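These are the residues of each chain, in order.
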Amino acid sequence: MENSESYKKSPTTATFAVWIHSHVGGNKNFFSSLDLHSQYAYEHYFPNILGCVFEVGTEEVINYDFYQLTELGRHSLAICNVTSRLHQACSDKKGLFYK
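This section reports on the structure supplied with the text. Quick caveat, the model's predicted, so the values are computed rather than measured.

### A short note on helix α2 (residues 33-45)
And step 1. For α2, with 13 residues, the first-to-last C-alpha span of 19 Å sits near the 18 Å given by 1.5 Å per residue.
And step 2. Those residues of α2 not exposed but buried are S33, D35, L36, H37, Q39 and E43.
And step 3. Those residues of α2 that are buried are in contact with β1 (18-23), β2 (50-56), β3 (61-67) and α3 (71-79).

### Digging into the packing of aromatic side chains
And step 1. Scanning the entire structure with this criterion turns up 7 aromatic pairs.
And step 2. Ring centres of W19 and F31 lie 5.9 Å apart, and the angle between their planes is 25°; this geometry places the pair in the stacked category. Residue W19 is found in strand β1, and its partner F31 is found in the loop between β1 and α2; the two are separated by 12 residues along the sequence. Across the pair, exposure class does not vary: W19 and F31 are buried alike.

### What to know about the pairing of β1
Looking along a regular strand, one sees side chains alternate from face to face of the sheet.
And step 1. The side-chain alternation of β1 yields one buried face, formed by W19, H21 and H23, and one unburied face, formed by V18, I20 and S22.
And step 2. With 6 bridges joining them, β1 and β2 adopt parallel strand pairing. In the sheet register, H21 faces β2, and the bridge partner there is V53.
And step 3. In the classification by handedness, the crossover that spans β1, the intervening α2 and the parallel β2 is right-handed.

### Focus: the nonpolar core
And step 1. W19, F31, L36, I49, V53, Y67, L69, L77, C80, C90, F97 and Y98 form the largest nonpolar core, which has 12 residues in total.
And step 2. If we ignore the near neighbours within four places in the chain, the residues touching I49 are A17, V18, W19, Q39, Y42, E43, Y67 and Q68.

Cut-offs used in this document
- Residues numbered from 1 in each chain as written.
- Predicted model: local features only at pLDDT ≥ 70, side-chain atom pairs only at ≥ 80, totals over all residues.
- Heavy atoms only, no water.
- Helix = DSSP H or I, 4+ residues; strand = E, 2+ residues; numbered from the N terminus.
- Expected span 1.5 Å × (residues − 1).
- Buried < 20%, exposed > 50% of the residue type's maximum accessible area, 1.4 Å probe, protein only.
- Contact = heavy atoms within 4.5 Å.
- Phe/Tyr/Trp six-rings, centres within 6.5 Å; stacked < 30°, edge-to-face > 60°.
- Pairing = 2+ DSSP bridges.
- Right-handed = clockwise from strand over helix to strand, strands pointing away.
- Core = buried A, V, L, I, M, F, W, Y, C linked by side-chain atoms within 4.5 Å.

So this is what it looks like as structure tokens:
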């Protein structure tokens, strides 16, 4: 937990409900547009759920972090019509759509 920026910001109200996935092949820790839409759907049912991304090397975990959507992210994802494939409108939004 000491590695999570999200947890550091709200340690007394953090929820330990997490969905986890990994990025391999040199992909860094981030939410892709598909990940953002998954987080949006999970937050609909579990408002405090954290999304966890592991960056995996050939033999070890390189990095990991936990994320939640921002208000801007929730609003933008609510009106996005592309939910089943990678797309630019919801890509590269770290700090804007999620933290």
